[in-house]
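Geometric and topological summary
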Amino acid sequence: MKLKSTSRFFVNNYFSNYFNLNYPNFIIIYTDGSVSPLSAGYSFFIPELHVSFSNNLPPSSSSFTAECCAILEALLFISNLAPNNYLIASDSMSCLQSLISNPFNSKLSPIVFQIKSYLYYLNQSNRLIQLIWIPSHIGIYGNEIADGLAKATSNTILPSPAQIPWTDFSPLLRLHITCLWSNHWNNLPAYFASKYKTIVPTISNKKTWFYNLDLPRSSIVRFNRLRITIMTSKKQPNIQSFFKSTTNVLPTQEKLDNIQNKTDSVVLISDTNSPTSSVSHINRHDIFNYVKRVLTQNEIHDILNSIWIPDVNYNFPVKIFIVGKDKTTKRLKFQYKWFASFPWLVYSDIDNGAYCKFCVAFSTNYAGINNQTLGSLVTKKYDNWKHALEYFKNHSQLEYHKKCILDSENFLNIIKKKSHFISRQTN
Ligand SMILES: [Zn+2]
C-alpha cells in the first residue's frame, strides 16, 4: 500500500484499527528525535494521558542518539506510572534494530544498554512494554505531534545539560586528530620532510600499501626500509622519475607533420629547455591527488584549506602551441596573476595543469546538471593556455561550479561550528 499518497484520515483510521486489534489494552507512546546541523531535540507524546515531553540536545548529537533519548525518556516516565501495558511507537528503524542486536557488540551506543536495562526493570515490575516501528511523515497523528515537539525543542537556543554518549564524539575526535597529524606532517623539519614526504606526500585516510595483503610482518618492514632507502639516497634517482610520462621529449619530424595537419592544434610537449619547478617534489597537497575520487570529509577539508599553491617564483612549464593558418608557434605558460582573478583556481605540479578546487571537492554531486558535463578543471587538467582566460571566465558561470562553491561554504560552516562546540566541551 502506498501510504504517502493516501489521505491522513485513512492513515489514522488504518493505524488506530491496527493498534486496537493487535494491542487492545496498551497505552500508546509516540517517540521522536530531530537533528539539524545547528540543533537537536527529542520528545514523546501520550495521547491517552494528554502528556507530552520534549528536551533538546547538543547540536553534535546524532539522530540515532536523539531517537534513543526519546525512548529512554519515555521509559523513565513509565517507571513513575502504575503497572499497565505500554506500546512505544518509534519511527527509527535503526534504533529498534540495535535494541535486538548482539549486546556484546562494542560499537553499540551506551544509551542502547540503558534502554535495555530499563526494559528489563519495567517488565520485572509488572509493566509490559512493547516497541513497534511506524513510518514517519505520512500523517500518523501521534507521530506528527512528537515530531513537531522534537523539532520545536531543537530550535531552542541553549543546549540542555543532557549528556550525549561518547560514541557521538568519536567522528569529531577522529577529524581533529587527523587535522593535528596533517598539520604536523606538513610542517615537518626539512631534514625529515626530504626523507619521508617523497613517500607519503600527505596524510589521508588511504589504506596502507600492505592492507589486505597476506604478508608476514618481516616482509612489510623490509619493503618499507627498502622504499625509504631508495627514496632518500642521494645517489639514486627519484623513484618517481621512473613513472614520468614520456611526452617530455622533443617531437620527431613525423609527429610535427601530424600536428601541423590540424590548424590551431596544441602540441603536447613540454619545453625541455625551460627549468621545471623551482621547488622540489615534496611538501605539498597537490590537487591531482584528489581528482576523480570519492573523497573523505578530511580530504575535502584539505582541498579547501591546505591545497598546495605554487609560490610567486615557481617556474610554470612552457607549452608550445601552433596557432592560426600560418602555423606559427607560440610559447605559452600558466600566468600567476590568474590566481588573483579566479579564487577557485589551483595548479597541479604533478599534472602540469589547472583545476578548480571547489569542483574537484564537490562536483560529483552535480554531474550532468543542465546537461553540463564535468570536464577540464574538474575531472582532468586544463592546460590550453591559449584560451585559458576565456575558459576560466566561462567556468565561473557554470551552474555546477556555483553549486560547488555553496557546498564548500556550507561544509566549512559546519566544521567551524563543530570544532567550536568541541573546544567548548573540552575547555
Ligand atoms: Zn568550479
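Chains are numbered independently. Their residues run from 1 in the order of the written sequence. Where local features are concerned, this predicted model is filtered to residues with pLDDT of at least 70; where side-chain atom pairs are given and counted, the filter is 80 or more; whole-chain, interface and lining totals use all residues.

1. Looking at the overall build of the protein chain
For clarity, the cut-off: Put simply, DSSP H or I for four residues or longer makes a helix, DSSP E for two residues or longer makes a strand, and each gets a number counted from the N terminus. Exposure classification rests on a simple neighbour count of other C-beta atoms within 10 Å of a residue's own: a residue reaching 20 or more is buried, one at 12 or fewer is exposed, and one in between is partly exposed. C-beta atoms are placed from the backbone.
A tally of helices and strands in the protein chain yields 14 helices and 10 strands. In the protein chain, which comprises 427 residues, the share counted as buried stands at 24%.

2. Some remarks on the environment of Arg331
With respect to the helices and strands, the residue Arg331 is situated in strand β8 (residues 328-332). Sequence-wise, Arg331 and Trp385 are 54 residues apart; in three dimensions their C-alpha atoms are separated by 9.6 Å.

3. Digging into the sheet that holds strand β4 (residues 85-90)
This is how the line gets drawn: Following DSSP output, two strands are said to pair if at least two bridges run between them. Think of each axis as a best-fit line through the C-alpha atoms, taken over the contacting stretch in the case of a helix, with angles from 0 to 180 degrees between the N-to-C directions. Working definition of a contact: two residues with C-beta atoms, positioned from the backbone, lying within 7 Å.
In space, the five strands of this open sheet follow the order β3-β2-β1-β4-β5, with mixed pairing throughout. Edge positions in the sheet fall to β3 (51-57) and β5 (128-133), since each has one partner strand and no second. With direction set aside, neighbouring strand axes in the sheet form an average angle of 20°. Sheet topology note: the strand β1 (residues 26-36)/β4 ladder contains six bridges and is parallel. Paired with Phe26 across the two strands is Asn85, which belongs to β4. Where helix α2 (residues 63-78) meets the sheet, its contacts fall on β1, β2 (39-46), β3, β4 and β5, and the angle it forms with β1 comes to roughly 150°.

4. Things to note about unusual backbone geometry
In this structure, His137 is a non-glycine residue whose phi angle is positive, near 55°. Look at Asn212: it is not a glycine, yet its phi comes out positive at around 70°. Relative to the elements of secondary structure, Asn212 occurs in the loop between α7 (190-196) and α8 (217-232).

5. Focus: the confidence of the model for the protein chain
Put simply, the rule reads: The pLDDT value tells you how sure the predictor is about a given residue, anywhere from 0 up to 100.
A residue-level look at the protein chain finds 79% of positions with pLDDT of 70 or above and a mean pLDDT of 80. pLDDT under 50 marks residues 237-283. Its contacts with residues more than four places away, or in other chains, come to 56 contacts.

6. So, the pairing of β1
Here β1 lies mainly inside the structure; nine of its 11 residues are buried. As judged from the seven bridges shared by β1 and β2, these two strands associate in the antiparallel manner. When the bridges of β2 are listed, Ser36 appears paired with Ser39. Turn length for the β1-β2 hairpin, with the two strands adjacent in sequence and antiparallel, is two residues.

7. Remarks on the pairing of β8
Burial analysis of β8 places just zero of its five residues in the buried class, which makes it a mostly uncovered element. As judged from the five bridges shared by strand β7 (residues 319-323) and β8, these two strands associate in the antiparallel manner. Across the sheet, Phe321 pairs through a bridge with Lys330, a residue of β8. Counting the residues in the hairpin turn of β7 and β8 gives four residues, including Gly324, whose phi is positive at 70°.

8. Remarks on α2
Filter applied, for reference: Multiplying 1.5 Å by the helix residue count minus one yields the expected span of that helix.
The end-to-end C-alpha distance of α2 is 23 Å, a good match for the 22 Å that 16 residues give at a rise of 1.5 Å each. Among the residues of α2, Phe64, Thr65, Ala66, Glu67, Cys68, Cys69, Ala70, Ile71, Ala74, Leu75 and Ile78 are the ones counted as buried.

9. A look at the packing of α2 against helix α4 (residues 110-124)
Short version of the rule: Any angle that falls under 35 degrees is termed roughly parallel, while one over 145 is termed roughly antiparallel, one within 65 to 115 roughly perpendicular, and all others oblique. For any helix crossing, the convention is left-handed if the near helix is rotated counterclockwise from the far helix by under a right angle, and right-handed if that rotation is clockwise. Any residue outside Ala, Val, Leu, Ile, Met, Phe, Trp, Tyr, Cys, Pro, Asp, Glu, Lys and Arg is labelled polar, Gly included; the first ten of those are nonpolar and the last four are charged.
Here α2 crosses α4 at 25°, and the two axes come no closer than 10 Å. As judged from the angle between their axes, α2 and α4 are roughly parallel. Seen from above, α2 lies across α4 with left-handed handedness. Contacts from Thr65, Cys68, Cys69, Ile71, Leu72, Leu75 and Ile78 in α2 reach Ile111, Val112, Gln114, Ile115, Tyr118, Leu119 and Leu122 in α4. Of the residues assigned to the contact of α2 with α4, the class counts are 12 nonpolar, two polar and no charged.

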